[in-house]
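Per-entry structural report
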Amino acid sequence: MPQPGFFILHPAVLPPLTAGGYTLHSEIEDMPHGPIAPLDAHITVSSPRFTMPPEQILSTYPPANRAGSFQASLPQIVLKRRTLPWERLLDPSDEHLPWLALVVVAEGEASLSAEARVEDCVTPGTALPHLEDRDTATSVYLSVTQTVVNGVFPTKGDVRLLAHVREVDVHDTELMGGDDDGFVSVVIANRLPQPAFDDQGNPIPRKYLACLINLEGQAAVLPPPVPDHVDFTFEFEATAVVQDLRGLSDAYADHPDLFVMGAGAVNPHPKTAVGPSAAVDTATAAVRTGSAWSQEIAAIDAASVSATAEQAPSLVRDAMASGWRIPIEAYVVEPTYRFPVLAHWSFTVSGDPTFEELMKGLDVGLIGTLVGDLPPKTPAQIEKEKHRTPPPAPARPAPELAETGHVGLPHQTRRGDHVDAWFRGPASPHPTVREQPVDGRLPLAHTSDQLRIVVPDGREDISLAAAFEIGRLLALSQPAVVNALLRWRQEQFGAERAARLAAEVNESIGLLAGLFDQRHPGLGALIGRQFVLAAADRPDEVLAPTRPLVDPGRPLTYARGDLDKLVADGLGFSLEAVNRVAEQIGVVAALAEARVASVDERDPGLDGAGFAALRAGLDQAVTSLATDVLKQRGTPGPNTVTVTASARKQDALDQLLHSLEEQP
Amino acid sequence: MTTTSYLQSAEFLSTTVKAVSEVTLAPSDTDDDGEHVVPFDLRQWLARLRLLEGVPFAYLVADSALLPLESIRFFYVDRRWTDALVQGALSVGTVTSDDRSRLEQLYPVVRSEVDDAERRVRPVGGEGAKSASGTITGFLLRSKAVSGWPGMHVRAYDRELPEGDNAIIPEGDTRRLRLLRLERLAPAVLLALFDGIPAIVHIEEPRRGIQFGIRLDASGNPPTTFAPWIPPRDTQDPQKVINAKVPVPCRPGSPGVLDFDHLNKALIARADTHMGAEIDSAEFALEALRFPYRQVFGDVSNPVGRLADVFQPSVRIRAALGEGTRSLVERFETGLS
């Protein structure tokens, strides 16, 4: 058993007996009572032949019905039984040659049949040995032209290299995926599926079908091995086309029922010669594929969820094969071949960058690095960037970014003002300093406003306040958390308080130990009352410092010296006289007797002449003031007056000035 | 002294006041590792909150320009920010000043317990010990790689590994920093948090990607011509890296179809692969298997032990120094003018 994380590769695991019929012949000799008739027992060693049981398929790569960047990996299928690829003999002289091959065909290169009798699943004229050894009555087959066989199928030498056995740790679920003995056999394809390309050379998705085919009886059809002495090409043109027969699908679309009903061999149309380069514009065809593939994936998904349980597997498989339904045998003149398909699935190669390319192309930096202020790129990086799609240019101006990672964001204050505030999330480009406890205490904010900060540039930094609010709202959004917080406070704080009190009391006076043990029913109420009283007495110690009820007022600078004297002076009587009298008759009587100067409201002491003199004085004062003002304003002109009047609302003084100016 | 008179005495009064005003919670929760003041559920929830679980993405990255397409951004976690999160959560249900003063008494204990719980949120074995620094760092990765390769492996080490970038490091290596959180926030955004300051970070392709992988060198304009190659591997010692390219022969006219028969012969012809002369699909598989790709993030020019030195911030924070030398940045941070 290999260690976790490791696996062992075996070239092949050969079965003791290959599939087929066997006769067990037994004879017993030298028995004393004469010979015993020999016994022939017939044994059939069975093995999958035309269809692969689903439980034998552990995994496929690329995953069925997936789109992705699979262009640099060879498709593979992992089978559960380790001996499966070697259970039938392709060539009796070479038991190491697998009878299974995984071929990958693009849309238009081959045709996948509907269910057909297994006798029809091989090229007509090929005689399969022991045809009675069948695991199923009907199966599907892949029809391919000679061109595609020569272009895509593996050679005999390839087939041998493309199957092996892996022994993995059963506990390593990533490699195992549900096998029981740790041995799996792997069959690999010989083709890197390439995406299609448009006129500009941009990759567009292309759909592929992977088929696990049975090579029995048809090993001679495989392409001949390339001679050793030729010059090999070490590169390929991804835009090349092996064969594209999709142009025929239009004709097929007129009579689809003929094909579906299995009448593909009966050809109502004259044969059309289609060479290796079909008269189909690759680019258009590829674009059509690109637009169609997502619908097909959706159709496959729909089939998988909507069909009944019995029909789902066949419907899904049928939907996957939808791009390979062209009846090519009816249309091409070159030889075509049929191979039984044991398992098939389709996938789409999108041409996206691979994991490695994506990782190498990453823009690396600390948070707060904008794409614009990267260090200059090395020539190698620039060359690399030419080959990947450039990141789109930012559609809006770069954000206001501080050295500390803060971003300037529009902020609407509670009063409704629109201002700019600084914000930074939990990600900082610098190490930050965390508050450390001082004397066992840490500052704790109770509302978010306590965390608002005004920075030297006059703007607010609301990062921490926003964090506080988010934490508060997240807690409030979950009733369970709110409940837990409240319960924690009520139960444990209360219990702790009582326990603590008991301990303190016990410590101070041993007398009352029994009392607290008995849990006197009135004790709780008594403690509560005592506590309230104590708290009311000294709230600053128990709860928090309180604000005084009355704030002291502004000091009066003039109110200095003796208060009595100040009052007496203010009321206009003599303090000394009152004091003198008070010695004889008492303070209250003396104050009552003291005469305070006052003005009789009913008789102000002014007559008509007095009023006239006052009014004249007032008029004179107003006139002199107004004249001074008019002098300062210069000569009154119509323009000046208009401007002033329109600039602000007129008040009483303006009206007065106007009336003065209008006077001659 | 009768019970009643004692309970009304000044001595009892002062004891009561002392008990109430200095209330601290004794350990109440012994569910798991040791004794705790904060109940287990609450502690777990606060720790997850501390690891930014549930925090809206717009609050993690305030502007999309901070995390452009196809980018990775490393950061320090601002502990004051995460502390503010916890304070906000704790403030729920504090109605009276009494609640608040008690919470203030307790807060240092709560904080240190949540610090501890933070490291237990993600149950994993074999990672390095708790970092002494208490600093939490991490990265945000926004890339197609996140959506296309779910389950990628992320490992961080506190120092440069002398074994080299491609060495296989055991899972339980003590230099490895504990991974506090690894989660996809969006289909294409990955958040990772480490307990400590990493010197190098490895991001590795998921292991299920062990297939026959062929490297493709693109050429041409537009680049549609590909030259496939594989790195040869010593079949006696597969860990050994041979710096060479073995070109893979192609079948002319068939895009992507490879001639493995002749590739195998070319590999056998190389002495450094130590392959037998027989055609052996296991040896061939060993050559053609593509191991998961590992991207290493670290300092390329100046291998040092601390990330703080690797990603040179142009202004450093010097908190330990006196008031006079406090940098502008710090004053900015604390809001002092």
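All of these numbers come straight from a predicted model, not from anything done at the bench. (Residues numbered from 1 in each chain as written. Chains lettered and ligands numbered in written order. Predicted model: local features only at pLDDT ≥ 70, side-chain atom pairs only at ≥ 80, totals over all residues. Heavy atoms only, no water.)

**Concerning the overall build of chain B**
- Tallying secondary structure elements over chain B gives 11 helices and 12 strands in all.
- Looking at chain B as a whole, 56% of its 337 residues are labelled buried.
- The long-range share in chain B, meaning contacts at least 24 apart out of those at least 6 apart in sequence, stands at 64%. (Helix = DSSP H or I, 4+ residues; strand = E, 2+ residues; numbered from the N terminus. Buried < 20%, exposed > 50% of the residue type's maximum accessible area, 1.4 Å probe, protein only. Contact = heavy atoms within 4.5 Å.)

**With respect to the overall build of chain A**
- Scanning chain A for helices and strands turns up 20 helices and 23 strands.
- Intrachain contacts of chain A at a sequence separation of at least 6 include 72% that bridge at least 24 residues.
- In the form shown here, chain A has an accessible surface area of approximately 37000 Å², with 58% of it arising from carbon and sulfur atoms. (Areas by Shrake-Rupley, 256 points an atom, 1.4 Å probe, with all protein chains shown as cover.)

**Section: the packing of aromatic side chains**
All names here are of chain A.
- A complete count under the given rule lists 10 aromatic pairs over all chains for this structure.
- Ring pairing ties together the aromatic residues Tyr61, Phe70, Tyr208 and Phe347, which thus form one cluster.
- The side chain of Arg88 reaches across the aromatic face of Trp99, ending 5.5 Å from its centre.
- Just above the ring of Trp422 sits the side chain of Arg459; from NZ or CZ to the centre is 4.3 Å. (Phe/Tyr/Trp six-rings, centres within 6.5 Å; stacked < 30°, edge-to-face > 60°. Lys NZ or Arg CZ within 6 Å of the ring centre and 35° of its normal.)

**Looking at the sheet that holds strand E23 (residues 460-461) of chain A**
All names here are of chain A.
- Strand order in the open sheet made by the 4 strands is E19-E20-E23-E22, with mixed pairing throughout. With one partner strand each, in any of the chains shown, strand E19 (407-412) and strand E22 (453-454) form the two edges of the open sheet.
- Note that E19 and strand E20 (residues 418-423) share 6 bridges and pair antiparallel. Residue pairing across strands places Val407 opposite Phe423, the latter belonging to E20. (Pairing = 2+ DSSP bridges.)

**Things to note about the pattern of salt bridges**
- Evaluation of the coordinates by the stated rule reveals 35 salt bridges over all chains.
- Between Arg160(A) and Asp94(A) there is a salt bridge, and its shortest N-O distance comes to 2.7 Å. Placement of the pair is Arg160(A) in helix H2 (residues 156-161) and Asp94(A) in the loop between strand E6 (76-79) and strand E7 (100-106), with a sequence separation of 66 residues.
- Classification of Arg160(A) as partly exposed rests on a relative accessible area of 23%.
- As a salt-bridge pair, Arg215(B) and Glu356(A) come within 3.6 Å of each other at their nearest N and O atoms. You can see Arg215(B) sitting in strand E8 (residues 215-219) and its partner Glu356(A) sitting in helix H8 (residues 355-360), one on each of two chains.
- Classification of Arg215(B) by relative accessible area gives partly exposed; the value is 21%.
- With a relative accessible area of 14%, Glu356(A) lands in the buried category. (Salt bridge = Lys/Arg side-chain N within 4 Å of Asp/Glu carboxyl O.)

**Here's the deal with the environment of Thr623(A)**
Residue and element names in this part refer to chain A.
- Among the structural elements, Thr623 can be located in helix H18 (residues 608-632).
- In this structure the C-alpha to C-alpha distance between Thr623 and Leu657, which are 34 residues apart in sequence, comes to 9.9 Å.
- Side-chain polar atoms of Thr623 contact the backbone oxygen of Asp619, separated by 2.6 Å. (Polar contact = N/O pair within 3.5 Å; in protein donor to acceptor, adjacent residues only side chain to side chain.)

**Some remarks on the confidence of the model for chain A**
Residue and element names in this part refer to chain A.
- Put simply, chain A has an average pLDDT of 76, and 72% of its residues get 70 or more.
- When mean pLDDT is compared element by element in chain A, helix H10 (residues 463-476) scores highest at 94, while helix H19 (residues 638-647) scores lowest at 46.
- Low pLDDT, under 50, characterises residues 262-294; the predicted model gives this stretch 47 contacts beyond four residues in sequence or across chains.
- In the predicted structure, residues 636-646 sits below a pLDDT of 50 and forms 4 contacts with residues beyond four places in sequence or in another chain. (pLDDT = per-residue confidence, 0-100.)

**A look at a nonpolar patch on the surface**
- A contiguous nonpolar patch, built from Leu563(A), Leu566(A), Val567(A), Leu571(A) and Val596(A) and spanning about 420 Å² of accessible area, is present on the exposed surface.
- Tracing the sequence through the fold places Leu563(A) in helix H15 (residues 563-571). (Patch = residues over 30% accessible without salt bridge, like charges linked within 9 Å, V, L, I, M, F, W, Y side chains within 5 Å.)

**A few points about the packing of helix H3 (residues 40-50) of chain B against helix H6 (residues 97-118) of chain B**
Residues and elements named next belong to chain B.
- Look at H3 against H6: their axes get within 8 Å of each other, and the N-to-C directions meet at 75°. As summarised for this structure, H3 and H6 are arranged roughly perpendicular, according to the angle between their axes. Facing Arg43, Leu46, Ala47 and Arg50 of H3, the residues of H6 in contact are Arg111, Glu113, Val114, Asp115, Ala117 and Glu118.
- Residue composition of the contact of H3 with H6, by class: 4 nonpolar, no polar and 6 charged. (Axes fitted to C-alpha atoms, helices over the stretch in contact; angles between N-to-C directions. Parallel < 35°, antiparallel > 145°, perpendicular 65-115°, else oblique. Nonpolar A, V, L, I, M, F, W, Y, C, P; charged D, E, K, R; others polar.)

**So, a negative patch on the surface**
Residue and element names in this part refer to chain A.
- Together, Glu27, Glu29, Asp30 and Asp40 make up a negatively charged patch on the protein surface.
- Here Asp40 is to be found in strand E3 (residues 39-45).
- Since its relative accessible area comes to 42%, Asp40 is described here as partly exposed. (Lys, Arg positive; Asp, Glu negative; His and termini not counted. Charge placed at Lys NZ, Arg CZ, Asp CG, Glu CD.)

**Some remarks on the side chain of Gln218(A)**
Residue and element names in this part refer to chain A.
- Along the polypeptide, Gln218 turns up in the loop between strand E15 (206-214) and strand E16 (236-237).
- A polar side-chain atom of Gln218 sits 2.9 Å from the main-chain carbonyl oxygen of Arg338.
- In this structure, Gln218 is in contact with Val122, Thr123, Thr126, Arg338, Phe339 and Pro340, ignoring residues within four places of it in sequence.

**Notes on the pairing of strand E1 (residues 7-10) of chain A**
Residue and element names in this part refer to chain A.
- A one-sided burial pattern is seen for E1, the buried positions being Phe7 and Leu9 and the unburied ones Ile8 and His10.
- The pairing of E1 with strand E11 (residues 163-168) spans 4 bridges and is antiparallel. From the neighbouring strand, Ile8 faces E11, where its bridge partner is Glu167.

**Observations regarding H10(A)**
Residues and elements named next belong to chain A.
- In this model, H10 (14 residues) spans 20 Å end to end at C-alpha, consistent with the 20 Å of a helix rising 1.5 Å per residue.
- Of all 14 residues in H10, 10 are buried, a share of seventy percent or more.
- Residues of H10 that are buried: Ser463, Leu464, Ala465, Ala466, Ala467, Phe468, Ile470, Gly471, Leu474 and Ala475. (Expected span 1.5 Å × (residues − 1).)

**Topic: the sheet that holds strand E3 (residues 153-157) of chain B**
All names here are of chain B.
- Spatially, the 3 strands line up as an open sheet ordered E3-E6-E12, and their pairing is antiparallel. Bordering the open sheet on either side are E3 and strand E12 (294-297), each of which pairs with just one other strand. Ignoring strand direction, the axes of neighbouring strands in this sheet form an average angle of 15°.
- Sheet topology places strand E6 (residues 200-204) next to E12; 4 bridges connect them, and they run antiparallel. Across the sheet, His202 pairs through a bridge with Val296, a residue of E12.

**What about unusual backbone geometry?**
- Between Tyr61(A) and Pro62(A) the backbone carries a cis peptide bond, its omega angle lying at 0°.
- Even without being glycine, Asp30(A) reaches a positive phi, approximately 60°.
- Relative to the elements of secondary structure, Asp30(A) occurs in the loop between strand E2 (20-26) and E3.
- Taking the relative accessible area as the measure of exposure, Asp30(A) reaches 76% and is therefore exposed.
- Of note, the phi angle at Glu70(B) is positive, near 50°, even though the residue is not glycine.
- You can see Glu70(B) is positioned in the loop between helix H4 (57-60) and strand E1 (71-77).
- Classification of Glu70(B) by relative accessible area gives buried; the value is 19%.

**Digging into H15(A)**
- With a side-chain oxygen positioned 3.4 Å from the backbone nitrogen of Asp564(A), the residue opening H15(A) is Asp562(A).
- Among the residues trailing H15(A), Gly572(A) stands out with phi positive, at a value near 80°.

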